[in-house]
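Structural features, examined
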Amino acid sequence: MKVLIALALLGCSSLVKADQPKKAIAFLQGTSGVTGNITLSQPSCTEPVFIEVTVFGLTPGKHGFHIHEKGDLNDGCASTGGHYNPDKVTHGAPNDQVRHVGDLGNIVADENGLAKTSFSDTVVSLYGSRSVLGRAFVVHAGVDDFGKTNHPDSLKTGNAGGRVVCGVIGVLFLSDEPEQPCSSGTPTVLPALICLLITFFAVRVLGN
Ligand SMILES: *[C@@H]1O[C@H](CO)[C@@H](O)[C@H](O)[C@H]1NC(C)=O
Ligand SMILES: [Cu+2]
Ligand SMILES: [Zn+2]
């Protein structure tokens, strides 16, 4: 009997579906001589995405850093469209309540032109219909003012100046498993709970 219960518990626990982690990479190249890459990794659709940035050859100082709408590099960074903004709201800082999905603030290059940083973001996602896969990172010549100045472009683009370098966000790792609908955990453990309940009653009936 104990063996049976153990087997049933094992069977039930296998019904808990874990989200498959996803990883993406944008390789930066272009005519400016600025190079580098940006990797994104996200363990599941309810967790923040972790972004690691390495960019070489920038002018020292702050550079606006965004995800733009399109992965179209036909006309270089110019054809990547505006900031990725599915909610049609105004431009902001990464920690603002109101911001474009693509608003990731500034990266800072040191005296050697190297910008190396990593951070988490809870708005950008690699899952679902708002996934940034296939869109493009753009590094700007100037500073993103987070929509907080009087410049006419401030609430649109952060007035971050020209587009220095860009790269399309492509797949680095995707699971072969079909994607689960994004939910905060409960429904994915539901089949396992039902399974446990059935086991519990079966054991009682058999035990009598
Ligand atoms: C990204 O760039 C860094 C720094 O040059 C390098 O160490 C790393 O291997 C690159 N990652 C990929 C996946 O190419
Ligand atoms: Cu931009
Ligand atoms: Zn923006």
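Quick note: structure is the one above.
Attention here is on the structure that accompanies the text. (Residues numbered from 1 in each chain as written. Chains lettered and ligands numbered in written order. Predicted model: local features only at pLDDT ≥ 70, side-chain atom pairs only at ≥ 80, totals over all residues. Heavy atoms only, no water.)

**Let's talk about the nonpolar core**
Applied cut-off: We call a set of buried residues a nonpolar core when its members are Ala, Val, Leu, Ile, Met, Phe, Trp, Tyr or Cys and they connect through side-chain atoms within 4.5 Å of each other. Only protein chains enter the accessibility calculation, which uses a 1.4 Å probe; a residue whose area is less than 20% of its type maximum is buried, one above 50% is exposed, and one in between is partly exposed. Strands here are runs of E lasting at least two residues and helices are runs of H or I lasting at least four, both read from the DSSP assignment and numbered beginning at the N terminus. Residue contacts are counted whenever heavy atoms from the two residues lie within 4.5 Å of one another.
Ranked by internal contacts, the top residues of the largest apolar core, which has 28 residues, are L40 and F137. Every element with two or more residues in this core is listed here: β1 (22-28), β2 (35-42), β3 (49-56), β4 (61-68), β6 (103-109), β8 (136-140) and β9 (163-173). With four residues, β3 is the largest single contributor of residues to this core. The contact partners of L40, leaving out residues within four places of it in the chain, are K22, K23, A24, V49, F50, I51, V124, L126, V132, F137 and I169.

**Examining the coordination of the zinc ion (ligand 3)**
Spelled out, the test is: The rule for donors is simple: an N, O or S atom within 2.8 Å of the metal counts, and for Na, K and Ca the reach is 3.2 Å. Water is not among the atoms, so a site may look short of donors. A four-donor site is classed as tetrahedral when every donor-metal-donor angle falls between 85 and 135 degrees; four donors are called square planar, and six octahedral, when trans pairs exceed 155 degrees and all remaining angles lie between 65 and 115, with any other arrangement labelled irregular.
Within the first shell, the zinc ion (ligand 3) binds the protein through H83 (ND1), H91 (ND1), H100 (ND1) and D103 (OD), at distances of 1.9 to 2.0 Å. Note that the zinc ion (ligand 3) binds four donor atoms; their angles at the metal cover 98 to 119°, and the shape is tetrahedral. Donor residues for the zinc ion (ligand 3) sit on one chain with the sequence pattern H-x7-H-x8-H-x2-D. The pair formed by H91 and H100 is uniform in burial state, with each residue classed as buried.

**Examining the site of ligand 1**
The condition that has to hold: What makes a residue near a molecule or strand is one non-hydrogen atom of that residue sitting within 4 Å of it. By the criterion applied in these results, polar contacts are pairs of N or O atoms within 3.5 Å in which, for protein atoms, one can donate a hydrogen and the other can accept it, and in which residues neighboring in sequence qualify only through two side-chain atoms. Methods summary: accessible areas were calculated by the Shrake-Rupley approach with a probe of 1.4 Å, and residue burial reflects only the protein chains presented. We call Asp, Glu, Lys and Arg charged. Ala, Val, Leu, Ile, Met, Phe, Trp, Tyr, Cys and Pro are nonpolar, and the rest, Gly among them, are polar.
Within the structure, ligand 1 sits among I25, N37, T54 and F56. In this structure, N37 approaches ligand 1 through a side-chain N or O atom, which is 2.3 Å from an oxygen atom. Burial of ligand 1 by the protein chains amounts to 41% of its free accessible area of 360 Å². Counted by class, the shell around ligand 1 contains two nonpolar, two polar and no charged residues.

**A look at the pairing of β1**
Spelled out, the test is: By the convention used here, strands pair only if DSSP detects at least 2 bridges between them.
The alternating pattern of β1 places K22, A24, A26 and L28 on a buried face and K23, I25 and F27 on a face that is not buried. Relative to β2, β1 is paired through seven bridges, and the arrangement is antiparallel. Bridged to A24 within β2 is L40. Here β1 runs beside β9; their pairing, made up of four bridges, is antiparallel. Opposite A24, over in β9, you have V171 as the bridge partner.

**Brief notes about the state of the cysteines**
Condition: Disulfides are defined as pairs of cysteine sulfur atoms found within 2.5 Å of each other.
Within the structure shown, the criterion is met by two disulfides. Across the disulfide, C45 is cross-linked to C182 (sulfur-sulfur distance 2.2 Å). Where C45 bonds to C182 through sulfur, the torsion about that S-S bond is close to 100°, and the disulfide is right-handed. Pair noted here: C45 is in the loop between β2 and β3 and C182 is in the loop between β9 and α3 (186-207), with a separation of 137 residues, a long-range link. Two residues, C77 and C166, share a disulfide whose sulfurs are 2.2 Å apart. Note on the C77 and C166 pair: the S-S dihedral is about -95°, so by sign convention the disulfide is left-handed. With a gap of 89 residues between them, C77 in strand β5 (residues 74-77) and C166 in strand β9 connect regions that are remote in the sequence.

**Quick notes on unusual backbone geometry**
One non-glycine residue, K88, lies in the positive phi region at around 55°. Inspection of the secondary structure puts K88 in the loop between β5 and β6. One non-glycine residue with positive phi stands out, namely F146, at about 65°. By relative accessible area, which is 25% here, F146 ends up partly exposed.

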